[in-house]
Amino acid sequence: MIRIVVIDDHDIVRKGIISFLQTEDDMEVVGQADSGFDGAELVLKKQPEVVLMDLIMENGNGIEATKKIMSAYPVCKVIILTSYYDNEQVIPALEAGAFSYLLKTSNAQEIADAVRKAAKDENVIEPKVAQKMMSRFRSTVKKPHEDLTERELEVLLCIGDGMTNQEISEKLYIGIKTVKTHVSNILSKLEVNDRTQAAVYVHRNQLFKATGD
């Protein structure tokens, strides 16, 4: 039997969820609360396997309640069930220790399935939420050329134009040895083997367009 606590400040929503879960043979709702602080205290007292947690509530929101629960009772699986899925809610909730993240547009069976999966240590992330997370991850991933110095980037763009070391030297007014040093550093930072691969990197990442050249 999966023991569950439901925390939501909307009576109709909370009672609707509970009514459905109580029809499931393998589930038992052992408590309910209408605020984050009261809910966290109840969870620590009842120690259920799974918690269905709203996010935006008075007297302690879902993120604060999740942090408190995870700090004192980390084996519990907190499933966020909310209408919100922007980064201001999603990321802090997951960082607080939420196990799964569902939207209230989910139907009753989807919620029940998420509870069962949580009890088996399998999380569920709403597709819209997963897309947000991936977009944020992609935006924070640093590309190799971002580690280049301003001069190295200039040399790289010259390589992308197919220029020789001598031509780069003349264009940038630097010595051949300096050019060779820059080229060596560039190949190392981009993790490419030769000038051809470096030139391909320039065009693949549209660096001319990015730099306005």
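In what follows, the structure referred to is the one given above.
Residues numbered from 1 in each chain as written. Predicted model: local features only at pLDDT ≥ 70, side-chain atom pairs only at ≥ 80, totals over all residues. Heavy atoms only, no water.

An account of the packing of aromatic side chains is requested, with residue identities and associated values reported.
Tallying each qualifying case throughout the model produces zero aromatic pairs. In this arrangement the basic side chain of Lys77 is found over the ring face of Phe99, its NZ or CZ atom lying 5.4 Å from the centre. (Phe/Tyr/Trp six-rings, centres within 6.5 Å; stacked < 30°, edge-to-face > 60°. Lys NZ or Arg CZ within 6 Å of the ring centre and 35° of its normal.)

Tell me about helix 5 (residues 108-119), residues and numbers included.
Given a rise of 1.5 Å per residue, 12 residues ought to cover 16 Å, and the 17 Å separating the end C-alpha atoms of helix 5 matches this to within 8%. Among all positions of helix 5, only Ile111, Ala112, Ala114, Val115 and Ala118 are buried. Along the long axis of helix 5, the arc covered by the buried residues comes to 160 degrees, so they all point the same way. Tucked into the core, helix 5 has its buried residues touching strand 1 (2-7), helix 1 (11-21), strand 2 (27-33), strand 3 (50-53), strand 4 (77-82) and strand 5 (100-103). The opening residue of helix 5 is Asn107, an N-cap whose side-chain oxygen sits 3.1 Å from the backbone nitrogen of Gln109. In the segment just after helix 5, Asp121 is the residue with positive phi, at about 70 degrees. (Helix = DSSP H or I, 4+ residues; strand = E, 2+ residues; numbered from the N terminus. Expected span 1.5 Å × (residues − 1). Buried < 20%, exposed > 50% of the residue type's maximum accessible area, 1.4 Å probe, protein only. Arc of directions from axis to C-beta. Contact = heavy atoms within 4.5 Å. Polar contact = N/O pair within 3.5 Å; in protein donor to acceptor, adjacent residues only side chain to side chain.)

An account of helix 2 (residues 36-46) is needed here, citing residue identities and associated values.
Burial in helix 2 covers these residues: Gly36, Gly39, Ala40, Leu42 and Val43. Axial view of helix 2: buried residues confined to an arc of 165 degrees, hence all on one face. Where helix 2 is buried, its residues meet strand 1, strand 2, strand 3 and helix 3 (62-72). Phi turns positive, to about 50 degrees, at Gln47, one or two residues after helix 2.

Could you give an account of the packing of helix 8 (residues 165-172) against helix 9 (residues 176-190), naming the residues involved and the relevant values?
At a minimum axis separation of 9 Å, helix 8 and helix 9 run at an interaxial angle of 110 degrees. Regarding the angle of helix 8 to helix 9, the classification is roughly perpendicular. Of helix 9, the residues touching helix 8 (which contributes Asn165, Gln166, Ile168 and Ser169) are Ile176, Val179, Lys180 and Val183. Partitioning the contact of helix 8 with helix 9 into residue classes produces four nonpolar, three polar and one charged. (Axes fitted to C-alpha atoms, helices over the stretch in contact; angles between N-to-C directions. Parallel < 35°, antiparallel > 145°, perpendicular 65-115°, else oblique. Nonpolar A, V, L, I, M, F, W, Y, C, P; charged D, E, K, R; others polar.)

Residues and numbers for the sheet that holds strand 4, please.
In spatial order, the strands read 2-1-3-4-5; together these five strands make up an open sheet with parallel pairing. Edge positions in the sheet fall to strand 2 and strand 5, since each has one partner strand and no second. Taking the axes of each pair of neighbouring strands and ignoring which way they run, one obtains an average angle of 20 degrees across the sheet. Bridging between strand 3 and strand 4 involves four bridges; their strand directions are parallel. Residue Met53 lies in a different strand from strand 4, and its bridge partner there is Ile80. (Pairing = 2+ DSSP bridges.)

Go over unusual backbone geometry with me, naming the residues and quoting the values.
Phi angles above zero are rare outside glycine, and Asp121 is one such case at about 70 degrees. Position of Asp121 among the secondary structure elements: in the loop between helix 5 and helix 6 (127-140). Backbone geometry places Tyr173, a non-glycine residue, at a positive phi of 60 degrees.

Can you lay out the environment of Leu103 for me, pointing to particular residues and giving the numbers?
Inspection of the secondary structure assignment puts Leu103 in strand 5. The spatial distance from the C-alpha of Leu103 to the C-alpha of Lys15 is 17 Å, given a sequence separation of 88 residues. Apart from the residues within four sequence positions on either side, Leu103 is in contact with Leu81, Thr82, Ser83, Tyr84, Tyr85, Glu126, Lys128 and Val129.

Describe in detail the packing of helix 2 against helix 3, supporting the description with residues and values.
Running from amino to carboxyl end, helix 2 crosses helix 3 at an angle of 20 degrees, the nearest separation of the two axes being 8 Å. As judged from the angle between their axes, helix 2 and helix 3 are roughly parallel. Read as a crossing pair, helix 2 and helix 3 show a hand that is right-handed. On the side of helix 2, the interface is formed by Gly36, Phe37, Ala40, Glu41, Val43 and Leu44, while helix 3 contributes Glu64, Ala65, Lys68, Ile69 and Ala72. Its residues placed into classes, the contact of helix 2 with helix 3 shows seven nonpolar, one polar and three charged. (Left-handed = near helix turned anticlockwise from the far one by under 90°.)

Residue-level account of the pairing of strand 3, with values.
Of the two faces of strand 3, the one holding Val50 and Leu52 and the one holding Val51 and Met53 are both buried throughout. Here strand 1 runs beside strand 3; their pairing, made up of four bridges, is parallel. Bridge assignment links Ile4 to a residue of strand 3, and that residue is Val50. Viewed along the sheet, the connection from strand 3 through helix 3 into strand 4 turns out right-handed. (Right-handed = clockwise from strand over helix to strand, strands pointing away.)

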